[in-house]
Amino acid sequence: MNEWIERGKKVIMNTYSQFPIVIEKGDGVYLWDSDGKKYLDFVAGIAVNALGYNNSDYVKEISIQLTKLQHCSNLYWMIPSIELSELLINNSCFDKIFYCNSGSEAVEAAIKLSKKYGKKFHGENCYEIITMKKSFHGRTMATVTATGQTKYQEGYNPLMPGFSYVDFNNFNELEKVVNENTCAIIIEPIQGEGGIHPAEKNYLEKVRSLCDKNDIVLVFDEVQCGIGRTGELFAYQLFDIKPDVVSLAKGLGGGFPIGAMLAIQSKADAFQPGDHASTFGGNPLACTAGSVVLKKLLFEGILENVQKSGKYLKTRLNELQDIYEIITDVRGHGLMLGIELSCSVKDIVKECMEKGLLIIGAGENVIRFVPPLVIGKEEIDKGIGILKKVLQQFQK
Ligand SMILES: Cc1ncc(COP(=O)(O)O)c(C=O)c1O
């Protein structure tokens, strides 16, 4: 394993500070490193591997598609993208989809669409966008600017013009910043990277009315919290507040790179031929992967599993909070949960890994739990058992 790491260090840019293990294969909710050690995976590629690893239908459908068509230009229609679009549209409040390849690109598309819309209906200066502090929207220049955390922006000035940031869940502050040049407000219904902070329903209701009153595009960034993660297909459904635009990626492809931006008709119309494009967007392999994920979530009980397992995991985390004083909060929805600690989480994450459990941090002092959506009670108990042993070591 060390040999692979040495070889990797020589040729791969130093942007990730990887843990010193090499993951070689996966099955169900387990991963194996190149030395054969087994890990229970509560990370799922950071909320990506919705069906876990090696799901037989997922492998089968993509394999069949692989023998038919691997890529084709968007100058032509393709069956897998039409099928996936129908699944997404028929199960949401949206009318049209634009495909891309990542979460950043999905948010980037939402930013561009909102600017087009603002300028078309409210004049050349209507391009300003308000986002939330502690948000995360990606790493491209526009999306890192949209991200309300300076640590991701250092070294990249000048940033994109026209962005401002307000406290999450603080409607009074938002209302003060909105002006006639605001074209969009972007919100993660549950902030992921920022530390698992859910929006308040009442806040989202007020934001919706504010956007309606001022014809501002309301964008929900559901790259992390969408596609079943909360127990609903879309996170907006959990809060019962309909955005105009949503960005998706991560879980949508279940491990295959895909991003998508969905919009209601009146907003989608702001894009005309030539306004935006992506060579790989709507790739037939990626869309086939997306359709398998969607069908499993909607028709094969996975959404129900997220509700059940999410509730169970939260109960078990609450039990830990009762035992260990270092846990100061338990929050989140479905299988997007976090525990806040009064100490650094870095060593806890490392120690869990040693003991065969993969978990990750988020924000400051938060451990995030975003396991595959197929996880069951037995695996949750196993993971909690390991975490409990580790927390015992860190409790003063
Ligand atoms: C809410 C949200 N938006 C956007 C992104 C960026 O996605 P990607 O890394 O696929 O570009 C992320 C990634 O963590 C995210 O959590």
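Each remark here, short or long, concerns the structure printed above.
For every chain, the first residue of its written sequence is number 1, and the numbers climb from 1 along that sequence. A pLDDT threshold of at least 70 governs which residues receive local features in this predicted model, and a stricter bar of 80 or more applies before side-chain atom pairs are shown or counted, although totals over entire chains, interfaces and linings include all residues. The basis for every side-chain value is the complete set of non-hydrogen atoms in the structure, without hydrogens or water.

Visitor: I tried to follow the overall build of the protein chain on my own but got confused; where do I start?
Guide: Here a helix means four or more residues in a row that DSSP labels H or I, a strand means two or more in a row labelled E, and each is numbered from the N terminus. Each helix and strand in the protein chain was counted, giving 14 helices and 17 strands. Relative to the compact-globule value of 21 Å for 396 residues, the protein chain shows a C-alpha radius of gyration of 21 Å, a close match. The principal-axis extent of the C-alpha atoms belonging to the protein chain is close to 60 × 55 × 45 Å. Remark: exposure states derive from per-residue accessible area (1.4 Å probe, protein chains only) relative to the maximum for the residue type, with buried under 20%, exposed over 50%, and partly exposed in between. Out of the 396 residues belonging to the protein chain, those deemed buried represent 54%. Contacts are assigned to residue pairs with any non-hydrogen atoms lying within 4.5 Å of each other. Within the protein chain, contacts between residues at least 6 apart in sequence are counted, and of these 72% link residues at least 24 apart. Every radius of gyration here is taken over C-alpha atoms, with the globule rule written as 2.2 Å times N^0.38, N being the number of residues.

Visitor: I'm lost on the sheet that holds strand E5 (residues 128-132) in this one. Help?
Guide: Backbone-to-backbone hydrogen bonds join strands into a sheet, with any given pair of strands oriented parallel or antiparallel. Read across the sheet, seven strands follow the order E4-E12-E11-E10-E7-E5-E6 without closing on themselves; strand pairing throughout is mixed. Only two strands of the sheet have a single partner each, and these edge strands are strand E4 (96-100) and strand E6 (163-166). Each adjacent strand pair in this sheet contributes to an overall mean axis angle of 20°, direction not counted. As paired elements, strand E10 (residues 217-221) and strand E11 (residues 245-248) share three bridges and run parallel to each other. Bridging from a neighbouring strand, Val219 pairs with Val245 of E11. Only the stretch in contact is used when fitting a helix axis, every axis being a line fitted to C-alpha atoms; angles between N-to-C directions are given from 0 to 180 degrees. Lying over the sheet, helix H4 (residues 79-90) contacts E4, E11 and strand E12 (259-263), oriented at roughly 130° with respect to E4. Strands were regarded as paired on the criterion that DSSP finds at least two bridges between them.

Visitor: Would you mind going over the site of the ligand with me for this structure?
Guide: By convention in this text, a residue qualifies as near a molecule or strand provided that one of its non-hydrogen atoms is within 4 Å of it. Close to the ligand lie Ser102, Gly103, Ser104, Phe136, His137, Gly138, Glu188, Glu193, Asp221, Val223, Gln224 and Lys250, which account for all nearby residues. Polar contacts, as used here, are pairs of N or O atoms within 3.5 Å; protein pairs need one atom able to donate a hydrogen and one able to accept it. Residues neighboring in sequence count only if both atoms are side-chain atoms. With respect to the ligand, the backbone of Phe136 contributes an N or O atom lying 3.4 Å from a nitrogen atom. Surface accessibility follows the Shrake-Rupley procedure with a 1.4 Å probe radius. Residue values consider only the protein chains on display as shielding. Protein coverage of the free-state accessible area of the ligand, which is 390 Å², stands at 83%. Taken together, the residues that form the shell around the ligand break down as two nonpolar, six polar and four charged. Amino acids are sorted into nonpolar (Ala, Val, Leu, Ile, Met, Phe, Trp, Tyr, Cys and Pro), charged (Asp, Glu, Lys and Arg) and polar (every other residue, Gly among them).

Visitor: Mind showing me how you'd approach the nonpolar core here?
Guide: Across soluble globular proteins, nonpolar side chains have a tendency to be buried as a group. Think of a nonpolar core as a cluster: buried Ala, Val, Leu, Ile, Met, Phe, Trp, Tyr and Cys residues, connected wherever their side-chain atoms sit within 4.5 Å. With 94 residues, the main nonpolar core has Leu88, Leu174, Ile185, Ile187, Leu317, Phe369 and Leu387 as its most contacted residues. With eight residues, helix H11 (residues 284-299) is the single largest residue contributor to this core. Contacts of Leu317, omitting those with residues within four sequence positions, involve Val330, Leu337, Ile339, Phe369, Ile384 and Leu387.

Visitor: Which parts of the structure should I look at to understand helix H8 (residues 201-214)?
Guide: Here H8 contains 14 residues, and its C-alpha end-to-end distance of 20 Å stays within 8% of the 20 Å for a straight helix at 1.5 Å per residue. All buried positions along H8 are accounted for by Tyr203, Leu204, Val207, Arg208, Leu210 and Cys211. All buried residues of H8 project into a common sector of 165° when viewed along the axis, lining one side. Away from its buried face, by an angle of more than 90 degrees, H8 presents the exposed residues Asp212 and Lys213. At the C-terminal side of H8, Asp215 shows a positive phi close to 50°. Take the number of residues in a helix, subtract one, and multiply by 1.5 Å to get its expected span. The arc refers to the directions leading from the helix axis to the C-beta atoms.

Visitor: It is not clear to me how the sheet that holds strand E1 (residues 23-27) should be interpreted in this structure. Could you clarify?
Guide: Across the sheet, which stays open at both edges, the four strands sit in the order E1-E2-E3-E15 with mixed pairing between neighbours. Each end of this open sheet is capped by a strand with a single partner; those strands are E1 and strand E15 (357-358). Where strand E2 (residues 30-33) lies against strand E3 (residues 38-41), three bridges are found, and the strand directions are antiparallel. Bridging across to E3, Leu31 finds its partner in Tyr39.

Visitor: Whenever I open this one, the pattern of salt bridges confuses me. Can you help?
Guide: Here a salt bridge means any side-chain nitrogen of Lys or Arg lying within 4 Å of a carboxyl oxygen belonging to Asp or Glu. Under the defined criterion, the tally for this structure stands at 17 salt bridges. Between Arg7 and Glu3 there is a salt bridge, with its nearest N and O atoms 3.7 Å apart. Taken as a pair, Arg7 and Glu3 lie in helix H1 (residues 2-11) at a separation of four residues, close to a single helical turn. Taking relative accessible area as the criterion, Glu3 reaches 56% and is therefore assigned exposed. Of the charged contacts in the structure, one is a salt bridge between Glu351 and Lys355, with a shortest N-O distance of 3.0 Å.

Visitor: Is there a simple way to explain the side chain of Lys267 in this structure?
Guide: By the element assignment, Lys267 lies in helix H10 (residues 265-268). If we skip the residues at most four places from it in the chain, Lys267 touches Leu113, Tyr117, Asp215, Val217, Asp244 and Val245.

Visitor: I would appreciate a short explanation of unusual backbone geometry in the present structure.
Guide: Trans peptide bonds make up most of the peptide bonds, and negative phi angles are found at most residues other than glycine. A cis amide bond links Asn157 with the next residue in sequence, Pro158, at an omega value of 0°. With respect to the helices and strands, the residue Pro158 is situated in the loop between helix H6 (141-146) and E6. Positioned with a positive phi, Ile46 is a non-glycine residue whose angle comes to about 55°. Take Ile46: it is sitting in helix H2 (residues 44-47).

Visitor: What should I look at first to understand the side chain of Asp244 in this one?
Guide: Mapped onto the secondary structure, Asp244 falls in the loop between helix H9 (235-239) and E11. At a separation of 3.2 Å, a polar atom in the side chain of Asp244 contacts the side chain of Arg208. A polar atom in the side chain of Asp244 sits 2.8 Å from the backbone nitrogen of Leu218. Every residue in contact with Asp244, bar those within four places of it in the chain, is listed here: Phe94, Arg208, Ile216, Val217, Leu218, Leu262, Ala263, Ile264 and Lys267.

Visitor: Can you walk me through the packing of aromatic side chains in this structure?
Guide: Only Phe, Tyr and Trp rings take part, Trp by its six-membered ring, and two of them pair if their centres are within 6.5 Å. Stacked means planes under 30 degrees apart, edge-to-face means over 60, and tilted covers everything else. One pass over the structure, following the stated rule, counts seven aromatic pairs. Aromatic pair Phe42 and Phe369: ring centres 6.3 Å apart, planes at 70°, arrangement edge-to-face. Taken together, the positions of Phe42 in the loop between E3 and H2 and Phe369 in strand E17 (residues 366-369) put the pair 327 residues apart, joining distant regions of the chain. Of the two residues examined, Phe42 and Phe369, each falls in the buried class.

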